[in-house]
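Descriptive structure summary
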Amino acid sequence: MTHSPPGLTIPSGLSPQRRRLLTELAARNDADHGEDLLGLVLSGSVGRGVATERSDLDVYVVLTDGGMGGRRTTRSPDVDEIPVPLSRLEEVPPFGSGGWWFRWSFAWVPILLDRTEGRLPVALHRAATVTPDEAEAILVEHDRLDGWLNHAYRALKSDRDGRGLERRLDAAESVPWLLDVIFTLAGRVRPYHKYLPWELREHPVPGWEAGELLSLLETTLDGDPAAIRTTFARVERLCATFDDERSVPVLTPVFEGWGDELQIFRT
């Protein structure tokens, strides 16, 4: 019989097979690494309670730097086991870097084992959080706000000029930029598309009702100019609120830089 390491906590609702796999994984890593094993984190669909019968277990094995010993990710039909040093989790990869997209892997996930005296949950929360200074860099320096305005503007111009295909293409291209804007303004890393509806419903974004935002996204993908204009009005207000909390406005000038061109959003 496999004995669970002290402190192991497995979420309720998992199948007996998945509970057994997690217990065996924890026991094996505890035996192999001892004091170098600092924690276990369950990510992926299972960790967020949206698994299907085809979902595997995505488990981050958190180790000391010395405990890594050249370990690499191992994958099987049932379990992906991903070793990572705590020191790397405590780093914060900036937007646009190779590590940026991994930050959402640690959003809304259960910690199965923590031997770090609280450092691990702090690191996971920080990874999935966008600070005000990061938000300014993402929205302004990386042009996510201006980029969304540009694609949405082109879609509305194509609609005005009767170019249906071009309208839909530009509207669809605006959506990833829009999602970066929405989640950045909320102080959060944008989720992977697979988890977007789940996160909006389970962890609502301030200023947006889940069903409304999902509907706006779907109709925007269809090139609906009314959806683009409705979204614009909401984002403009949220950007003004963001600036109200700063000593110097940084987002309002982006809108002002467009001058009269923004009238197409308000028509």
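Shown above is the structure to which this text applies.
Below: a short report on this structure.

Concerning the sheet that holds strand β3 (residues 74–75)
Strand order in the open sheet formed by five strands is β3-β4-β2-β1-β5, and the pairing between neighbours is mixed. Of all strands in the sheet, those with a lone pairing partner are β3 and β5 (111–114), marking the two edges. Note that β3 and strand β4 (residues 79–85) share two bridges and pair antiparallel. When the bridges of β4 are listed, Thr 74 appears paired with Glu 81. Those strands touched by helix α1 (residues 16–33) are β1 (37–43), β2 (57–63), β4 and β5, and its axis lies near 20 degrees from that of β2. Contacting β1, β2 and β5, helix α5 (residues 119–127) crosses the sheet at an angle of about 135 degrees to β5.

Looking at the side chain of His 151
With respect to the helices and strands, His 151 occurs in helix α7 (residues 144–160). Look past the residues within four positions of His 151 in its chain and what remains in contact with it is Asp 170, Glu 173, Ser 174 and Trp 177.

What about the side chain of Glu 199?
Structurally, Glu 199 is set in helix α9 (residues 196–202). Exposure remark for Glu 199: the relative accessible area of 1% places this residue in the buried category. Looking at Glu 199, its side chain comes within polar contact range of the side chain of Arg 188, at 2.8 Å. Setting aside its immediate chain neighbours within four residues, Glu 199 contacts Trp 104, Trp 108, Phe 183, Arg 188, Pro 191 and Pro 204.

Examining the packing of aromatic side chains
One pair of aromatic rings is described through two measures. These are the centre distance and the angle between the planes. Under the counting rule described, the total for this entry stands at seven aromatic pairs. Pairing Trp 104 with Tyr 195 gives two aromatic rings, centres 5.1 Å apart and planes at 35 degrees, and the pair type is tilted. Here Tyr 195 lies in the loop between α8 (164–185) and α9 and Trp 104 lies in the loop between α4 (86–89) and β5, a separation of 91 residues in the sequence. A residue is classified by how much of its surface remains accessible, and Trp 104, at 1% relative accessible area, is buried. Judged by relative accessible area, Tyr 195 falls into the buried class, the value being 6%. Between Phe 232 and Phe 265, the ring centres sit 4.4 Å apart and the planes meet at 20 degrees, which makes this aromatic pair stacked. With Phe 232 in helix α11 (residues 225–244) and Phe 265 in helix α13 (residues 263–266), the pair connects residues that are 33 residues apart, well separated along the chain. Each member of the pair, Phe 232 together with Phe 265, is buried. Taking the ring centre of Tyr 195 as reference, the NZ or CZ of Arg 48 above it sits at 5.0 Å. Here the basic side chain of Arg 234 rests over the ring of Trp 208, its NZ or CZ set 4.9 Å away from the ring centre.

Quick word on helix α6 (residues 132–141)
Every buried residue of α6 is accounted for by Glu 134, Ala 135, Ala 137, Ile 138 and Leu 139. Contact partners of the buried residues in α6: α5, α7, α8 and α11. Looking one or two residues beyond α6, the residue adopting positive phi is Asp 143, at roughly 65 degrees.

Side note on the layout of surface pockets
Each pocket or cavity is described by its volume, and for the largest pocket that value is around 550 Å³. Taken together, 24 residues make up the lining of the largest pocket; nearest its centre are Tyr 60, Ile 82, Phe 102, Ser 105 and Phe 106. Residue composition of the lining of the largest pocket, by class: 12 nonpolar, five polar and seven charged.

Digging into the pairing of β4
Most of β4 is tucked away: seven of the seven residues are buried. Where burial is concerned, the two faces of β4 agree: the one with Val 79, Glu 81, Pro 83 and Pro 85 and the one with Asp 80, Ile 82 and Val 84 are both buried. The sheet contact formed by β2 and β4 spans seven bridges and is parallel. Paired with Val 59 across the two strands is Glu 81, which belongs to β4. The turn linking β3 back onto β4 is made up of three residues.

Some words on the packing of α6 against α8
The geometry of α6 relative to α8 is characterised by a closest axis approach of 10 Å and an angle of 160 degrees between their N-to-C directions. Our classification of the angle between α6 and α8 gives roughly antiparallel. Two packed elements cross with a definite hand, and for α6 against α8 that hand is left-handed. Touching Ala 135, Ile 138 and Leu 139 of α6 are Val 181, Thr 184 and Leu 185, all from α8. Split into classes, the residues belonging to the contact of α6 with α8 amount to five nonpolar, one polar and no charged.

Rules used in this analysis
- Residues numbered from 1 in each chain as written.
- Predicted model: local features only at pLDDT ≥ 70, side-chain atom pairs only at ≥ 80, totals over all residues.
- Heavy atoms only, no water.
- Pairing = 2+ DSSP bridges.
- Helix = DSSP H or I, 4+ residues; strand = E, 2+ residues; numbered from the N terminus.
- Contact = heavy atoms within 4.5 Å.
- Axes fitted to C-alpha atoms, helices over the stretch in contact; angles between N-to-C directions.
- Buried < 20%, exposed > 50% of the residue type's maximum accessible area, 1.4 Å probe, protein only.
- Polar contact = N/O pair within 3.5 Å; in protein donor to acceptor, adjacent residues only side chain to side chain.
- Phe/Tyr/Trp six-rings, centres within 6.5 Å; stacked < 30°, edge-to-face > 60°.
- Lys NZ or Arg CZ within 6 Å of the ring centre and 35° of its normal.
- 1 Å grid on protein atoms, 1.4 Å probe; cavity = no way out; pocket = protein on both sides within 12 Å on 5 of 7 lines; lining within 4 Å.
- Points joined across faces, edges and corners; volume = space filled by probe spheres on them.
- Nonpolar A, V, L, I, M, F, W, Y, C, P; charged D, E, K, R; others polar.
- Parallel < 35°, antiparallel > 145°, perpendicular 65-115°, else oblique.
- Left-handed = near helix turned anticlockwise from the far one by under 90°.

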